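These are the residues of each chain, in order.
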Amino acid sequence: MSNILIIEDEPVLNDNLNQFLSSKGYQVYSADSKATAKIQLSDHLFDVILSDLRLPDTNGTELIEYIKEVAPASIVLVMTAYSSLETALDVFHCGAHDYIIKPFPLQEIEHKVENALQYKQLLNENANLRNRLQQGEDNIELLAGSSPQMCELRRLISKVAVTNTNVLIQGESGTGKELVAQSIHARSLNNEGLFVPVNVAAIPDGLVESYLFGHIKGSFTGANQTREGAFRMASGGTLFLDEIGEMPLQIQSKLLRVLEDSQVYPVGSDSSVPVDTRIICATHRDLEQMVADGEFREDLWYRLNVVDLATPPLRERMEDMPALVSLILQLLQTELKRPILEVDNDVIHHLMNQPLKGNVRELKNILERAAVLCDDNTIRVKDLALPSSDLINLQLDENGTLSDLNSAVEKFKQQHIVAALENTEGCRESAARLLGLSTATLYRQLDKLGLKGYVARSSKSGPLPSGDE
Ligand SMILES: Nc1ncnc2c1ncn2[C@@H]1O[C@H](COP(=O)(O)OP(=O)(O)OP(=O)(O)O)[C@@H](O)[C@H]1O
């Protein structure tokens, strides 16, 4: 049974909330001041704490800070009559998970408490995953947001995780497909095993088979030693096949065979090896359409698509912006080793008005750049370096006169492609998707525009191979 603490000095509201939440099966405790809250906090562990923002013996943010100090695992929901953005940002910065504006219908509080409990469970699972995964330990982040779409997504994650079915995750680039896959793995029965992510689009066609199924030493030129392959590595755990839509057709049929037999055939070997691997696939492409166009095997699609989940684009859930910004800033503080970063009030508003086609990844990049560039520890709108929507930069030649149309178009293409590369940390495949181009077309454009060796400033992995390598 989940424990809830209500801190509210208005007796009628406190009683109503206590009765209502008790009737929903929670173990509910009440306090009417910081002093009484302290006593409750020393006697019990709470999953969720509902706190008023103004109390007779403290102001709300000071109380939230105190709670986060003595009960860091409790999820704090703030109840406030003040609906300003400033208040919202203050409470998020102090560590509150969400807030609700008074007066509110009791059903809304029930919904918020359920979300907070789901969020707490995911936090536990992510911590669990962080401890267990031997790979990508630094990449485990939380799935932030309490919009209806994200709540539904979390509900589905909890449901599918404990079954062993294959899952297909569809969504635009940067919407958190890999994060969802990690969450499923963390909650699954096979979370003792490894989570092995493979980006199918990033492996040259000729190597996909050996990469997935392994190979025997000497089975082809360059196979200097035997490799077990991703399937066997993930046996007893989860294999995450990202960009499954890019898998060559002949490998699709081999994958189908593995899924049907639970056996892999390493390249160059006559015998098979048993595997017990859960498959989670992801794609930004319309696989159903690819099946209709004969580009993806229908039988494989059915096999992979036992359950399908959709990660919503950020523009359809802008209400998640404060929670995302708050989470990203927390992560940045650790990464950049800088003291607490704050955002100016207008920043959230500005971000909510951006198209953010690269979704949460683009948001992270914008905030990371701003965090590096901002003068003090506060990020202001000017630090975001967002494109002005109503001003088109004129293209001038070296004499300061207007360029001819062709040169202007070339220049614009160059700038736009560089922006896409910066938004995707230099990843050619993701930049191509952002631009609505095939990877091959992007490589041709990079060559033509003299950007072949371009290394994105946001790239963490150093220079990237050029297209013909
Ligand atoms: N809801 C979210 N909460 C917190 N961080 C998120 C969320 N969604 C995405 N992110 C972050 O955004 C970045 C991109 O997410 P992720 O790699 O999971 O996206 P993706 O959909 O798999 O992208 P791609 O299709 O380009 O591989 C990651 O750093 C991830 O942690």
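Residues numbered from 1 in each chain as written. Predicted model: local features only at pLDDT ≥ 70, side-chain atom pairs only at ≥ 80, totals over all residues.

J.: So what exactly am I meant to see when it comes to the nonpolar core here?
T.: Proteins that are soluble and globular tend to have nonpolar side chains buried together. By size, the foremost hydrophobic cluster in this structure holds 65 residues, and its most contacted members are Val196, Leu239, Val325, Leu363 and Leu367. Counting contributing residues per domain, this core is built from domain 2 (139-311) and domain 3 (314-384), each supplying no fewer than three. In this structure Val196 touches Ala230, Met233, Ala234, Gly237, Leu239 and Phe240, once residues within four positions along its chain are discounted. Judged by nonpolar contacts, the second largest core, of 33 residues, contains Phe46, Val48, Leu63 and Met79. (Core = buried A, V, L, I, M, F, W, Y, C linked by C-beta atoms within 7 Å. Buried ≥ 20, exposed ≤ 12 C-beta atoms within 10 Å, placed from the backbone. Domains from an automatic or database assignment. Contact = placed C-beta atoms within 7 Å.)

J.: Looking at this structure, I do not really get the packing of helix H17 (residues 405-423) against helix H18 (residues 428-435). What am I missing?
T.: The N-to-C vectors of H17 and H18 enclose an angle of 125 degrees; their axes lie 8 Å apart at closest approach. The orientation of H17 with respect to H18, classified from their angle, is oblique. H17 and H18 meet at a crossing whose hand is right-handed. Together, Ile417, Ala420, Leu421 and Asn423 of H17 and Ala431, Leu434 and Leu435 of H18 make up the contact between the two elements. (Axes fitted to C-alpha atoms, helices over the stretch in contact; angles between N-to-C directions. Helix = DSSP H or I, 4+ residues; strand = E, 2+ residues; numbered from the N terminus. Parallel < 35°, antiparallel > 145°, perpendicular 65-115°, else oblique. Left-handed = near helix turned anticlockwise from the far one by under 90°.)

J.: What is the right way to look at the confidence of the model for the protein in this model?
T.: In low-pLDDT regions, the fine details of the predicted coordinates are not to be read closely. Across the protein, the average pLDDT comes to 82, with 85% of residues at 70 or higher. Predicted confidence for residues 132-141 stays below pLDDT 50, and this span has 14 contacts to residues more than four positions away or in other chains. Low confidence marks residues 388-393, where pLDDT is under 50. Its contacts with residues over four positions away, or in another chain, come to zero contacts. The complex prediction reports pTM at 0.58, with the ipTM value standing at 0.97. (pLDDT = per-residue confidence, 0-100.)

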